[in-house]
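# Descriptive analysis of the structure
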Amino acid sequence: MTTTVHGYPRIGPNRELKRASEAYWAGRIPASELDAVAARLRRGVWETLRDAGVAEIPSNTFSYYDHMLDTAVLFDLVPERFRTPAFAGEDRESELRRYFAMARGADDIAPLEMTKWFDTNYHYLVPELSPDQRPRLAASTKPFSEFTQAKGLGMMTRPVLVGPLTFLMLAKPAADAPQGWRPLDLLDDLLGRYAELLELLAAAGAGQVQLDEPILATDDGRAELVALERAYGRLGELTNRPEILVSTYFGSIGTEALEVLKRTPVERIGLDLVAGPESVDEIAAVSGLGDTTLVAGVVDGRNVWRADLAKALSTLGSLLGLARDIVVSTSCSLLHVPIDLDAETELDPVIRERLAFARQKLDEVVLLGRALSAGDEGITAELERARATAPDGAAFVNSRVRARLDALGDDVARNGHEQRGAARTDDPPLQTTTIGSFPQTADVRKARADHRAGRIDDAEYTRRMRAEIDRVIALQEDIGLDVLVHGEPERNDMVQYFAERLDGFVTTQKGWVQSYGSRCVRPPILYGDVSRPEPMTVEWITYAQSRTSKPVKGMLTGPVTMLAWSFVRDDQPLGDTARQVALALRDEVFDLERAGIRHIQVDEAALRELLPLRAERHADYLAWAIGSFRLATSGVADTTRIHTHMCYSEFGRIVGAIEQLDADVTSVEAARSHMELVDDLAVAGYKRGIGPGVYDIHSPRVPTVDEIEAALRDALRAVDPERLWVNPDCGLKTRGYAEVEPALRNMVEAARRVRADL
Ligand code: GLN
Ligand code: ZN
């Protein structure tokens, strides 16, 4: 019996990696200094794991930006545009310049596309592959040098690599790849390079490697059994190699993949028993793993709750005898949770005692390992203490919220767009609007920071925010937009702002989690029943409305997005929690309406993100996701328009769900895939209002009137003018006014031109 974890946060306890990489990008420090920070961070992680008593320590879990990008670079699968003389040097500066250019773009060279890592809020860079690419092992290999660094510190680690199936299946064909060609067609070639790497690592003394194959938790991955067998059959056959752990997570992999892996010569299989509790039955169904060792992910790597040790122990107990041996582990890499609960000094102790961040999860893994090993005397007392202080589930019940939800019943979700439809046939054509936020200037940020730190009082803060709202309203009037927004200057973040105002949530001081590259987020923690002590947005929105005769759109964050970007209690179904959030939002919607606000937008930016990895679970998810949105928004007056916004462009896959949300207007992130969206809409016979983002706010480029006009004319092929809304494809808060103002002027002008021809 031994212990391990799949990976550990890389950003450093004080976001050292963020600071160092941003300083490096800005030219303030040389590559050598960035490398030195990175080496210290890696060392810190290994020592933390070692000192906590974790027996088997992973390496190569560090990344300067992203592990998928690292893998592409490792195998020299670098697109042509990064092979120009500007990136040709062999020295470290050139190497890093190219690496970060692939991540972030350079001058006029576009970076790799970025997308979400499975159903997490971590983003990876999508490798671009084509049939003429020949993978080869790069001259300096990161897994090798990290292993050597740790070895130099006296630690024999287990290098972690993205597995070949996951790497290829998450890659996309380059633009010039022939129709029908799939990155997975590179498998054989790539396996040869994995083989070389494994041999190299063995020669350096590595006893074990970990190949991560989370793709096996998806439907697509589960369908590639032949490739799976080929990959691990071939790597397994190598004679001079470390032991292989094929690690899976984010769900179970099914009995078929399990059978295949069991047949191959790999020594270890890692399964996620938290996100895929059915794995236990699947192991039994294949009559155990035989000669293979099970790395049992029993401590949740995705959430912040203390483990239920008794439950984990009984799960582990039920697995004894079903594998050659059992290694206690986390369900997945700890990348997805904050680093150390000890850094939180202001948390309510009652909530704090329920939490475990990455550092605390190591203790849980170690404790479980000891409990399972025979002959550990002190363990009973420790487990007893853990049990005695285990959280009491009843502590955070709000019976009023529960009673209200029960009383509402199912009928409440009626009276959406369908019923109100008759009232809106006279909507004007091609109304222009924005998604909500305006640029967050240095002054705005400073006002919020000063207020938080007590350097300015409430009255002064209100004065500054109102001044900002005045400015944003005046600008929108001047530009000629039809439906205005207040600009969201008071919001640090669209989820945290509401979490700070709802009961049942807490926020952390230092609970940072990597979202992508140097960008970290601090997800709130939803720990108990949710309720709204008082209105959250009404004051700002009504102030904005008082400054203009044009309608101002109220701006809320929807229940699914609130859950997706928080750590959420796991003691009841997500759908139940979503209903509580929805009820609080519903109260806000009615308060806004009563205050005279006629357009109310409830953002569901993350609707797609929480979609389960397996199709068989989609219906359940969509039922509660849609139900909670409708609970929040239904029942408003005929004259009120409900809007929603999604940061999602593959509209086709969820168009049915969007229809059922029953919002009057949905704006989506379509600027980069406009044609597809319009086709999807036409096919689906979509009948509600739609605002396909007419330009990409993720780029500083100002779109021309002509191109926006063309996009609008194109959209009119599928949408009636009264239902077509004109807006950018997301909020503007990350942009500067220098781009935003001309872009919006061009957008309004394009709409004017198209309207003139109707
Ligand atoms: N209303 C939010 C904004 O404009 C929406 C952001 C988002 O979709 N991510 O910033
Ligand atoms: Zn968006």
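Since we're looking at a predicted model, the values are computed, not measured.

Helix and strand counts for the protein stand at 28 helices and 24 strands. With the principal axes as the frame, the protein shows a C-alpha extent of 75 × 65 × 50 Å. Here the protein holds 758 residues, and 48% of them are scored as buried. In the protein, once contacts between residues fewer than 6 apart in sequence are set aside, the share between residues at least 24 apart is 79%.

A few words on the sheet that holds strand β6 (residues 158-162). Judged by pairing direction, the sheet is parallel, and its eight strands sit side by side in the order β1-β12-β11-β10-β9-β8-β6-β2 without closing on themselves. Of all strands in the sheet, those bounded by a partner on one side alone are β1 (2-3) and β2 (58-59). Here three bridges tie β6 to strand β8 (residues 208-212), and the two strands are oriented parallel to one another. Across the sheet, V162 pairs through a bridge with D212, a residue of β8.

Attention now moves to the UniProt feature "binding site: 5-methyltetrahydropteroyltri-L-glutamate" (unreviewed entry) in the protein. As recorded in UniProt, the feature "binding site: 5-methyltetrahydropteroyltri-L-glutamate" (unreviewed entry) lies at R15, E16, L17, K18, K116, R519, C520, W565 and E609. Spatial dispersion of the annotated residues is evident: they stretch over 595 residues in sequence, and the largest pairwise C-alpha distance comes to 28.3 Å. Turning to its location among the elements, K116 is positioned in strand β3 (residues 114-116). Those residues in contact with K116, other than ones at most four positions away along the chain, are N121, H123 and E609. Judged by C-beta crowding, with 23 C-beta atoms within 10 Å, W565 ranks as buried. With residues up to four places along the chain from it excluded, the contact list for W565 reads N121, V495, P523 and A606.

Here we take up the environment of A177. Take A177: it is sitting in the loop between β7 (172-173) and α7 (187-204). For A177, a count of 18 C-beta atoms within 10 Å gives the class partly exposed. Between the alpha carbons of A177 and Q580 there is a distance of 48 Å; along the sequence they are 403 residues apart. Ignoring sequence-local partners within four residues, the contact set of A177 consists of S130 and P131.

Conventions adopted
Residues numbered from 1 in each chain as written. Chains lettered and ligands numbered in written order. Predicted model: local features only at pLDDT ≥ 70, side-chain atom pairs only at ≥ 80, totals over all residues. Helix = DSSP H or I, 4+ residues; strand = E, 2+ residues; numbered from the N terminus. Buried ≥ 20, exposed ≤ 12 C-beta atoms within 10 Å, placed from the backbone. Contact = placed C-beta atoms within 7 Å. Pairing = 2+ DSSP bridges. UniProt positions renumbered as here; feature names shortened; annotations may be inferred.

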